[in-house]
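# Descriptive structure summary
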Amino acid sequence: MMTIDYQMYIDGEWCEASDGKRFDSVNPATEEVWATFPEATAADVNRAVMAADRAFREGPWSRMSATERGQVLQRIAREIESAGEALAIAETTDTGKLLRETRWQTKNLVQIYEYYAGLADKVEGQIPSTGPNGPLSLIVREPLGVVAAIVPWNSQLHLAAFKIAPALAAGNTIVVKPSEEASAAVTAFAGVMAKAGLPAGVFNVVTGAADPCGQTLISHPRVRRVSFTGGVETARKIIPATAANIAMMSLELGGKSPVVVYDDADLDSVVNGVTSAIFAASGQSCAAGSRLLLQDAVYDEVMARLVARAKEIVVGDPMGEDVHMGPLATRRQRDRIERLLAESQAAGARVAVGGGRAGRTQGWYFEPTIVECDGQDYPVVRNELFGPVLSVLRFSTEDQAITLARDSEFAFAGGVFTRDFAKAYRTARAIPAGRFWVNTYRVTSYMVPFGGFASSGYGREGGIHAIQDYTQTKGIFIDVSGAAVADPFVMR
Ligand code: NAD
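Rules used in this analysis
Residues numbered from 1 in each chain as written. Predicted model: local features only at pLDDT ≥ 70, side-chain atom pairs only at ≥ 80, totals over all residues. Heavy atoms only, no water. Buried < 20%, exposed > 50% of the residue type's maximum accessible area, 1.4 Å probe, protein only. Helix = DSSP H or I, 4+ residues; strand = E, 2+ residues; numbered from the N terminus. Pairing = 2+ DSSP bridges. Right-handed = clockwise from strand over helix to strand, strands pointing away. Patch = residues over 30% accessible without salt bridge, like charges linked within 9 Å, V, L, I, M, F, W, Y side chains within 5 Å. Areas by Shrake-Rupley, 256 points an atom, 1.4 Å probe, with all protein chains shown as cover. Salt bridge = Lys/Arg side-chain N within 4 Å of Asp/Glu carboxyl O. 1 Å grid on protein atoms, 1.4 Å probe; cavity = no way out; pocket = protein on both sides within 12 Å on 5 of 7 lines; lining within 4 Å. Points joined across faces, edges and corners; volume = space filled by probe spheres on them. Nonpolar A, V, L, I, M, F, W, Y, C, P; charged D, E, K, R; others polar. Domains from an automatic or database assignment. Near = heavy atom within 4 Å. Polar contact = N/O pair within 3.5 Å; in protein donor to acceptor, adjacent residues only side chain to side chain. Sits in = over half its atoms within 2 Å of the grid points.

## Thoughts on the pairing of strand E12 (residues 257-261)
- Of all 5 residues that make up E12, 5 are buried, and the element is covered over most of its length.
- Relative to strand E13 (residues 289-295), E12 is paired through 5 bridges, and the arrangement is parallel. Bridging from a neighbouring strand, Pro258 pairs with Arg291 of E13.
- For the handedness criterion, the β-α-β arrangement of E12, helix H9 (residues 267-279) and E13 is classed as right-handed.
- Where E12 and strand E18 (residues 413-417) come together, 3 bridges link them in parallel fashion. Counted as the bridge partner of Val259 is Gly415 from E18.

## Considerations on a nonpolar patch on the surface
- A cluster of nonpolar side chains, Ile127, Leu136, Ile476, Ile478 and Val480, forms an exposed patch at the surface whose accessible area comes to about 380 Å².
- Within the secondary structure, Ile127 is located in the loop between helix H4 (99-119) and strand E6 (136-143).

## Observations concerning the layout of surface pockets
- Put simply, the largest pocket is a space of about 1,000 Å³.
- Lining the largest pocket are 40 residues, with Gly230, Gly231, Val232, Thr234 and Arg332 positioned closest to its centre.
- Broken down by class, the residue content of the lining of the largest pocket amounts to 17 nonpolar, 11 polar and 12 charged.
- Counting contributing residues, the lining of the largest pocket receives three or more from each of domain 1 (4-253 + 456-476) and domain 2 (258-438).
- A volume near 830 Å³ is recorded for the second largest pocket.
- Residue assignment for the lining of the second largest pocket shows that the elements contributing at least two residues are H4, helix H5 (156-169), H9 and strand E19 (435-438).

## So, unusual backbone geometry
- With omega at 5 degrees, the peptide bond leading from Gly134 into Pro135 counts as cis.
- Relative to the elements of secondary structure, Pro135 occurs in the loop between H4 and E6.
- Omega for the peptide link from Asp211 to Pro212 comes to 15 degrees, which places this bond in the cis form.
- Of note, Ser155 is a non-glycine position whose phi angle comes to about 45 degrees, a positive value.
- Of note, Ser155 is situated in the loop between strand E7 (146-150) and H5.
- At Ile246, a residue that is not glycine, the phi angle is positive and equals roughly 50 degrees.
- We classify Ile246 as exposed; its relative accessible area is 64%.

## As for the site of the ligand
- By nearness alone, 29 residues border the ligand, and Glu180, Gly231, Thr234, Leu253 and Glu384 come closest of all.
- Between the ligand and Glu384, the relevant distance is 2.6 Å, taken from an oxygen atom to a side-chain nitrogen or oxygen of the residue.
- For the ligand, whose free accessible area comes to 850 Å², the fraction covered by protein is 91%.
- A molecule is said to occupy a pocket when more than half its atoms come within 2 Å of that pocket's grid points, and by this definition the ligand occupies the largest pocket.
- Listing elements by their share of the shell around the ligand, those giving two or more residues are helix H7 (210-218), strand E10 (223-229) and helix H8 (232-241).
- The element best represented in the shell around the ligand is H7, accounting for 4 residues.
- Among the residues forming the shell around the ligand, the class breakdown is 15 nonpolar, 9 polar and 5 charged.
- Looking at the shell around the ligand, you find at least three residues from each of domain 1 (4-253 + 456-476) and domain 2 (258-438).

Here it is, written out as structure tokens:
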């Protein structure tokens, strides 16, 4: 089969790895190699960071006004409109994410870049009230320098945009490393940046493994900010690596988000909401609602309706218009899910629907799966599976629901279904999470920050304040007294 041989984008040019090595990417729907990428060496990563550093310190980027930077981001948005279909196809082929969804996400991408384009010249300083005699004190906000952005394979263009757009709008330069499991969409995105006329070195893409590519990038002495999205175990390796450069950091990690259904809920909304929470994107979402907590009185009815709904889900070719769920992105993902599910069943968990490979011998497909558990201590309840597997637990009282919901190392998102506004509010406030839905799930806006509590990470992406996270303050004191500087050893 013919493959597409992608190149990296460093210092405004397409290039190979310095030692010429490449790695393969497999289409999860066919299990065939469809693309190859340069395997960046430490020297390649160093070149990318030094190009970004030079572009930050000396290049036209640092001399542009914030308004001009905003105009460049607007041009990026226009280029995404032209390249949208090609980007969506690249991401779907590489990850198995539904084409319908990657198409929607590329449209949303345009809005994200437009939003941060509009914010570029609204980063303002302050003048504290130090009085008419001064000193005149200014608090100005300055960009940080080179940003290292590490992105996972799921929703990669979308997640990368929440790093690239605010970082560039604030005047930084950036080196992006996509996942070695699926690097096509981010690499292809460099074509958008080239066409938008970004000065050389402002935006770079390096492709390759966690080590040396990822590790060299995050520990590089010229990197001032690491923006990481990925799993918690990876984060545990990222954190010590930044001891080398004392880079500022944000960590967007995994989740095991609870959805609480009280017995007064609108059950039609529950069925659609929970189905979307766990089966959209084949459950490969940091915000997936993967722990369902059902109140006694509605347990049987909700279970029956969810099982029936799960059986209607069409699993198949992610390019198909009528398909609801594509394959998992990697074989490793599917194998891990099967292992954790088998361990849970051996411990007493009951599979109510699914659990198999959707009758497929090719492609990493996995059925929509619902597992009933009589406690929290099952592997499917404790671990982020990052797949279409919902664990279900029963509760009697509001206190029990909240205790169960809180009992997780993760705290990324959560949801509640009830007609009682006060109970919804109490539940939303009691469950630790960076994002919470009431009587819905998965609804989102780039205007609202997201990010986790606890082991789901720290830092927020999206919204107005994200741009501040790519700046730092500088306090400037200016003498306005008109008097000479006094003798420092004479106290007045
Ligand atoms: P991962 O942690 O395996 O990889 C993420 C990225 O880190 C990849 O680019 C990888 O190459 C890189 N990496 C791995 N080891 C590294 C190292 N030692 N040094 C530097 N870079 C390294 O995650 P994944 O499997 O690609 O993605 C799934 C995970 O991402 C899930 O846990 C999911 O919840 C999480 N996620 C979080 C969010 C969020 O916003 N919080 C969004 C999407 C996904």
